[in-house]
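Understanding the architecture of this molecule
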Amino acid sequence: MSQLLFEIDHPSIPISGSNAVFPVRRIYCIGRNYAAHAREMGSDPEREPPFFFQKPSDAVQVVMPGETGEHPYPSLTNSYHYEVELVAALGKGGRNIPVEKALDCVYGYAVGLDMTRRDLQSQMKDQRKPWDIGKGFDHSAPIGPILPVADTGHFKSGEISLSVNGVVKQKADLSQMMWSVAEQIARLSQLFELKAGDLIMSGTPENVGPVVVGDTLVAKIAGLPDLSLKIVKTEV
Ligand code: MN
């Protein structure tokens, strides 16, 4: 019988009101899913089909309600941006899932941040190279606990916001997503076989912007606990 040469960490996220934890398989992210954000990123929201990218599952940084997570400012960037996003956590998956059945796959929801080295992302885009260094780095997916759909229902509308040092920077409504969570699941399931443990970061509204060491971020979605982060210097 074979055995693992060594153990590795298995990323997971606490589930609110439960001792069970949610094991993370993959993190899918949709790009430019709010029209005003698509415009600020320089694209025409009306004519663009949904597109996706991934973060590695161990990019998850769990931040529990009531705590302020210490988030290391990453290396090699001078433009480190927040993107507050609703995260859907899948309890089951499949291929070619119809939109009408897609929400049956959602186990619960959480507040997340799609942290971005914007300068590196822009450089890579300009050079027609992959984005990974801009989006898929260590700690790039801070996330709060998952609240089960059984307790909260689905999040199709409601305020989503982000403040930095007490000043509101991003503020919009989940209903302004161009592609709903159900539509994202349906489309992703045509591209990949979705499975339990997959997370979908459902896009950020307009007014993304930079943070520096010492800043405190609070991400909010109505009906979910707030997520607080302090940007700290990376230990060398
Ligand atoms: Mn994003």
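1. Here we look at the overall build of the chain
The helix and strand inventory of the chain stands at 6 helices and 18 strands. Taking 2.2 N^0.38 as the reference for a compact globule, 236 residues should give roughly 18 Å; the C-alpha atoms of the chain span a radius of gyration of 17 Å, in line with that estimate. Over its C-alpha atoms, taken along the principal directions, the chain stretches across nearly 45 × 45 × 35 Å. Residues classed as buried in the chain amount to 51% of the 236 residues present. For the chain, restricting intrachain contacts to residue pairs at least 6 apart in sequence, the fraction spanning at least 24 positions comes to 75%.

2. Here's the deal with the coordination of the manganese ion
Only Glu 83 (OE), Glu 85 (OE) and Asp 114 (OD) from the protein coordinate the manganese ion, and they sit 2.0 to 2.1 Å from it. Between consecutive donors of the manganese ion, the numbers of intervening residues give the motif E-x1-E-x28-D. One end of the pair, Glu 83, is in the loop between strand E7 (80–82) and strand E8 (84–90); the other, Asp 114, is in the loop between strand E9 (106–113) and strand E10 (116–117), with 31 residues separating them in the sequence. Both residues of the pair, Glu 83 and Asp 114, count as buried.

3. A word on the sheet that holds E10
Strand order across the open sheet formed by 3 strands is E10-E7-E16, with antiparallel pairing between neighbours. Each having just a single partner strand, E10 and strand E16 (209–211) make up the two edges of the open sheet. Looking at chain direction, E7 and E10 are connected through 2 bridges and run antiparallel. Of the residues in E10, the one forming a bridge with Tyr 80 is Arg 117.

4. Description of the state of the cysteines
Following the criterion strictly, the structure yields 0 disulfides and no others. Summary of cysteine pairing: Cys 29 is not part of a disulfide, and the nearest cysteine sulfur, belonging to Cys 105, is at 18 Å.

5. A short note on empty space enclosed by the protein
Regions of empty space are outlined by a rolling probe, equal in size to a water molecule, passed over the atoms. Under the criterion given, the structure shown has 1 cavity of 30 Å³ or more. Computed from the structure, the largest cavity encloses a volume of approximately 100 Å³. Around the largest cavity, the lining comprises 16 residues; the ones closest to its centre are Gly 31, Arg 32, His 37, Glu 83 and Lys 135. The leading source of residues in the lining of the largest cavity is helix H3 (residues 118–126), at 3 residues. Considered class by class, the residues forming the lining of the largest cavity number 4 nonpolar, 5 polar and 7 charged.

6. Observations regarding the packing of aromatic side chains
The relation between two aromatic rings is expressed through the spacing of the ring centres and the mutual angle of the planes. Considering all chains together, one arrives at 7 aromatic pairs under this definition. Plain terms: the ring middles of Tyr 73 and Tyr 80 are 5.3 Å apart, the flat faces sit at 65° to each other, and that makes the pair edge-to-face. Residue classification places Tyr 80 among the buried residues on the basis of a relative accessible area of 0%. Ring pairs connect the aromatic residues Phe 51, Phe 53 and Trp 131, which therefore count as one cluster. Over the ring of Phe 137 we find Lys 55, and its NZ or CZ is 5.9 Å from the ring centre.

7. Quick notes on the side chain of Lys 55
Along the chain, the position of Lys 55 falls in strand E4 (residues 52–55). The buried category is assigned to Lys 55, whose relative accessible area is 3%. A polar atom in the side chain of Lys 55 sits 2.7 Å from the side chain of Asp 114. A polar contact is formed between the side chain of Lys 55 and the backbone oxygen of Lys 135, at a distance of 2.8 Å. Excluding residues within four positions of it along the chain, Lys 55 makes contact with Ile 27, Cys 29, Asp 114, Met 115, Lys 135, Gly 136, Ser 140, Ala 141 and Met 201.

The rules behind these values
Residues numbered from 1 in each chain as written. Predicted model: local features only at pLDDT ≥ 70, side-chain atom pairs only at ≥ 80, totals over all residues. Heavy atoms only, no water. Helix = DSSP H or I, 4+ residues; strand = E, 2+ residues; numbered from the N terminus. Rg over C-alpha atoms; globule rule 2.2 N^0.38 Å. Buried < 20%, exposed > 50% of the residue type's maximum accessible area, 1.4 Å probe, protein only. Contact = heavy atoms within 4.5 Å. Donors = N, O, S within 2.8 Å, 3.2 Å for Na, K, Ca; no water. Pairing = 2+ DSSP bridges. Disulfide = S-S within 2.5 Å. 1 Å grid on protein atoms, 1.4 Å probe; cavity = no way out; pocket = protein on both sides within 12 Å on 5 of 7 lines; lining within 4 Å. Points joined across faces, edges and corners; volume = space filled by probe spheres on them. Nonpolar A, V, L, I, M, F, W, Y, C, P; charged D, E, K, R; others polar. Phe/Tyr/Trp six-rings, centres within 6.5 Å; stacked < 30°, edge-to-face > 60°. Lys NZ or Arg CZ within 6 Å of the ring centre and 35° of its normal. Polar contact = N/O pair within 3.5 Å; in protein donor to acceptor, adjacent residues only side chain to side chain.

All quantities given are derived from atomic positions and should not be read as evidence of function.
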